[in-house]
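# Coordinate inspection notes
Letter by letter, the chains look like this.
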Amino acid sequence: MPDDVERYARVADLLLSIETELRRAGLWADLPPGPEALASEVPFARDALDLTGWLQFVLLPRMAALLEHGAPLPTECAIRPLAEVEFAGRGVEALIDVLGEFDALLVRPVP
């Protein structure tokens, strides 16, 4: 169990880092999208949101809720490859790196 506590703490740290990097890059939105965008069932809500919107309004709140309730964390995650394409040439390498750390932390074998 101590491993899980450390893992949850690291996930919380990375969620804060994702928010920090979104803000630093000027990608943080002041207003949320409409409820229909948030209800999308398409991976990364690509039919309704850009990646920054999905990160801010879907990933961050859902992961925070999992942490708050001690719920199991996802064991599959591949945000960095999408971010590398979406943010190519935009000077947000620090954000891409944090997303890669997030991916790596979540992808682990389940006992």
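From a predicted model like this one, the values you see are computed outputs, not experimental measurements.

So, how was this worked out
Residues numbered from 1 in each chain as written. Predicted model: local features only at pLDDT ≥ 70, side-chain atom pairs only at ≥ 80, totals over all residues. Heavy atoms only, no water. 1 Å grid on protein atoms, 1.4 Å probe; cavity = no way out; pocket = protein on both sides within 12 Å on 5 of 7 lines; lining within 4 Å. Points joined across faces, edges and corners; volume = space filled by probe spheres on them. Helix = DSSP H or I, 4+ residues; strand = E, 2+ residues; numbered from the N terminus. Nonpolar A, V, L, I, M, F, W, Y, C, P; charged D, E, K, R; others polar. Salt bridge = Lys/Arg side-chain N within 4 Å of Asp/Glu carboxyl O. Buried < 20%, exposed > 50% of the residue type's maximum accessible area, 1.4 Å probe, protein only. Phe/Tyr/Trp six-rings, centres within 6.5 Å; stacked < 30°, edge-to-face > 60°. Contact = heavy atoms within 4.5 Å. Expected span 1.5 Å × (residues − 1). Bend = angle between axes of the 7 residues up to and from the residue.

## Describing the layout of surface pockets
Taken as a whole, the largest pocket encloses approximately 280 Å³ of empty space. Lining the largest pocket are 20 residues, and of these Phe-44, Trp-54, Val-58, Leu-59 and Arg-62 lie nearest its centre. Secondary-structure elements contributing two or more residues to the lining of the largest pocket are α2 (35-38), α3 (51-69) and α5 (93-106). With six residues, the single largest contributor to the lining of the largest pocket is α3. Here the residues of the lining of the largest pocket are counted per class, giving 16 nonpolar, one polar and three charged.

## Brief notes about the pattern of salt bridges
Throughout the structure, instances matching the rule amount to six salt bridges. The salt bridge involving Arg-24 is made with Glu-21; its shortest N-O contact spans 3.1 Å. Of this pair, Arg-24 and Glu-21 both sit in helix α1 (residues 2-24), three residues apart, which is roughly one turn of that helix. Taking the relative accessible area as the measure of exposure, Arg-24 reaches 61% and is therefore exposed. Judged by relative accessible area, which is 13%, Glu-21 ranks as buried.

## Observations concerning the packing of aromatic side chains
Tallied over the entire structure, the rule returns one aromatic pair. Ring centres of Phe-44 and Trp-54 lie 4.8 Å apart, and the angle between their planes is 70°; this geometry places the pair in the edge-to-face category. Placement of the pair is Phe-44 in the loop between α2 and α3 and Trp-54 in helix α3, with a sequence separation of 10 residues. Relative accessible area serves as the criterion here: at 12%, Trp-54 is assigned to the buried category.

## Some words on the environment of Glu-21
Residues Glu-21 and Val-92, 71 residues apart in the sequence, show an inter-C-alpha distance of 7.9 Å. Beyond its immediate stretch of four places on either side in the chain, Glu-21 contacts Ala-94, Leu-95 and Val-98.

## Overview of α3
With 19 residues, α3 ought to run about 27 Å at 1.5 Å a step, and its terminal C-alpha atoms sit 26 Å apart, in line with that. Maximum bend of α3: about 30°, positioned at Leu-59, with proline Pro-61 one to four residues after it. Here α3 has its buried residues at Leu-51, Thr-52, Gly-53, Trp-54, Leu-55, Gln-56, Phe-57, Val-58, Leu-59, Leu-60, Met-63 and Leu-67. Once α3 finishes, Gly-70 follows within two positions and takes phi at roughly 65°, a positive value.

Everything listed here is a matter of geometry and, on its own, says nothing about what the molecule does.
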